[in-house]
Structures are given as structure tokens and as C-alpha cells.
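Chain and residue survey
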Amino acid sequence: GRLTSGMSRAYHTNIINFPDLRHNKLLLYFFFFLFFFFFFFFFFFYVHALSAQEIIRHYDLMPHVEGGHYRRVWCSTQDLQPESLPCGICGSRPCSTSILYLLQAGERSRLHRIRQDELWHFHLGGPLRLYCLTPDGRELDRVLGADILAGQHLLLPMPGGCWFGAEPCPGTAFSLVSCTVAPGF
């Protein structure tokens, strides 16, 4: 019985000797700091993962004839007159315009061609694959996205006169990009 009672006393002694936080202000401040640090981290820095439908509603995006959804978000206040425009572009045009463009998984921007250069800018979601066939027959295959160390690009130009299209990369729920063109539409 003596060994058992000694172990029992040691066990109870360890429990009784825990620090009393009411009398140790430094430990009390430390735990107070930890509580508010985690509160601040989880509630203040919590970023709601946006869905494609929330973005479509927020920006009032409309279906695009080439696929996906879009909305013009900027138009230059200056116009170019017909005599200063490249061949084949009729009427006056804004110097430049920009649209927001969203493609969801399974959607594509159908192959199309415009005369002017177009810049694609990555904003939200997953990576977007851009396909391009140049007038001389070269194929360009590039990825627009946030992972620049993996070879993705935040900004990609599509040369005028090329046939090009786009689709979200596998595993991507949606890609939100903007497209800027000059002269504008």
C-alpha cells in the first residue's frame, strides 16, 4: 500500500501546483494576447470565398456571345476619328475600352479574331488557358493566373489579327479577368 499511496500523493501534488493565473499578470496578459490574436486572425482576416454567381450578380455581368459573362467597365473619353484608325475599322471609336470577363468551369471563349491588340489581366479565381493561332500559323498556348512561379502570367497580350480563345484550366471553378483593347469597341 505504501507505493500506491506515494504515487497518489505525487499525482495530486502535480495537479495542485499548476500556476494560479489570477496572481501572475504576465501569464494573464500572454493568454489575453493569444485569445485576441486568434480572434483577430480568424474573424478579421477571414476572406469569404466568392462564387462565380456572386461575382456575376455583383458586377451585373451579361452573357457574352463568345461564351462566359462580361460587362464593360471602362471606356476612354477620347475618340479616334475614322481617318486615324487602322484599315477595316469603320466609324469613330473610343481610344480604349475594358471589360470584366468571367468564364466558369466548362465554359469557353470561342475562337474569334479582332484587328487590334488585346491585353488580358488576371483578377480572381483559378488559372485561365489562352489559345492563339497567329497569322503566320504559329500556335501560342499560355496560362493567365496568380502562380507566377509556375509560369502563369498576370497580364498577357493577344496580338491583333490572331485567332484566339480561352477556357479555365482543369480544377478551376471560375476565372475572372479583364480585357483591354485599343482602339476600343
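Residues numbered from 1 in each chain as written. Predicted model: local features only at pLDDT ≥ 70, side-chain atom pairs only at ≥ 80, totals over all residues. Heavy atoms only, no water.

**Overview of the overall build of the protein**
From N to C terminus, the protein includes 3 helices and 12 strands. A buried classification covers 31% of the 185 residues belonging to the protein. Taking all contacts inside the protein whose residues are at least 6 apart in sequence as the whole, residues at least 24 apart take part in 71%. Summing over all exposed atoms, the protein offers an accessible surface of approximately 12,800 Å²; the carbon and sulfur share of this is 64%. (Helix = DSSP H or I, 4+ residues; strand = E, 2+ residues; numbered from the N terminus. Buried < 20%, exposed > 50% of the residue type's maximum accessible area, 1.4 Å probe, protein only. Contact = heavy atoms within 4.5 Å. Areas by Shrake-Rupley, 256 points an atom, 1.4 Å probe, with all protein chains shown as cover.)

**Some words on the side chain of Ser109**
Assignment of secondary structure puts Ser109 in strand β6 (residues 109-113). Not counting residues up to four positions away in its chain, the partners in contact with Ser109 are Glu66, Tyr101, Leu103, Gly165 and Ala166.

**Re the packing of aromatic side chains**
Under the criterion given, the structure shown has 2 aromatic pairs. Taking 6.0 Å as the distance between ring centres and 85 degrees as the angle between the ring planes, the aromatic pair formed by Tyr101 and Trp120 counts as edge-to-face. Of this pair, Tyr101 sits in strand β5 (residues 97-104) while Trp120 is found in strand β7 (residues 118-125), placing the two residues 19 residues apart along the sequence. By the burial criterion, Tyr101 is buried, and Trp120 matches it. A ring pair is formed by Trp120 and Phe164, whose centres lie 6.2 Å apart and whose planes are at 85 degrees; its orientation type is edge-to-face. (Phe/Tyr/Trp six-rings, centres within 6.5 Å; stacked < 30°, edge-to-face > 60°.)

**Focus on the confidence of the model for the protein**
The predicted model of the protein has a mean per-residue pLDDT of 81, with 68% of residues at 70 or higher. The element-level mean pLDDT for the protein is lowest in helix α1 (residues 2-16), coming to 51, with strand β1 (residues 62-63) highest at 98. (pLDDT = per-residue confidence, 0-100.)

**Concerning the layout of surface pockets**
Estimates place the volume of the largest pocket at around 310 Å³. What lines the largest pocket is a set of 19 residues, and nearest its centre among them are His64, Glu66, Ile99, Glu118 and Phe185. Counting only elements with at least two residues in the lining of the largest pocket, the list comes to β2 (69-75), β5, β6, β7 and β12 (174-181). Of all the elements, β5 adds the most residues to the lining of the largest pocket, at 4 residues. Each residue belonging to the lining of the largest pocket can be placed in one class, and the counts come to 11 nonpolar, 5 polar and 3 charged. (1 Å grid on protein atoms, 1.4 Å probe; cavity = no way out; pocket = protein on both sides within 12 Å on 5 of 7 lines; lining within 4 Å. Points joined across faces, edges and corners; volume = space filled by probe spheres on them. Nonpolar A, V, L, I, M, F, W, Y, C, P; charged D, E, K, R; others polar.)

**Digging into the pattern of salt bridges**
Summed over all chains, the structure comprises 4 salt bridges. Arg108 is the partner of Glu167 in a salt bridge, and the nearest nitrogen-oxygen pair spans 2.9 Å. Of this pair, Glu167 sits in strand β11 (residues 163-168) while Arg108 sits in the loop between β5 and β6, and the two are 59 residues apart along the sequence. Classification of Arg108 by relative accessible area gives exposed; the value is 52%. When the shortest N-O distance is used, the salt bridge between Arg129 and Asp141 registers 2.9 Å. Placement of the pair is Arg129 in strand β8 (residues 128-133) and Asp141 in strand β9 (residues 139-144), with a sequence separation of 12 residues. For Asp141, a relative accessible area of 47% puts it in the partly exposed group. (Salt bridge = Lys/Arg side-chain N within 4 Å of Asp/Glu carboxyl O.)

**A few points about the pairing of β5**
Of all 8 residues in β5, 8 are buried; the element is thus mostly enclosed. Of the two faces of β5, the one carrying Thr97, Ile99, Tyr101 and Leu103 and the one carrying Ser98, Leu100, Leu102 and Gln104 are both buried. In the sheet, β2 pairs with β5 via 6 bridges, with the strands oriented antiparallel. Paired with Cys75 across the strands is Thr97, a residue of β5. Note that β5 and β12 share 8 bridges and pair antiparallel. (Pairing = 2+ DSSP bridges.)

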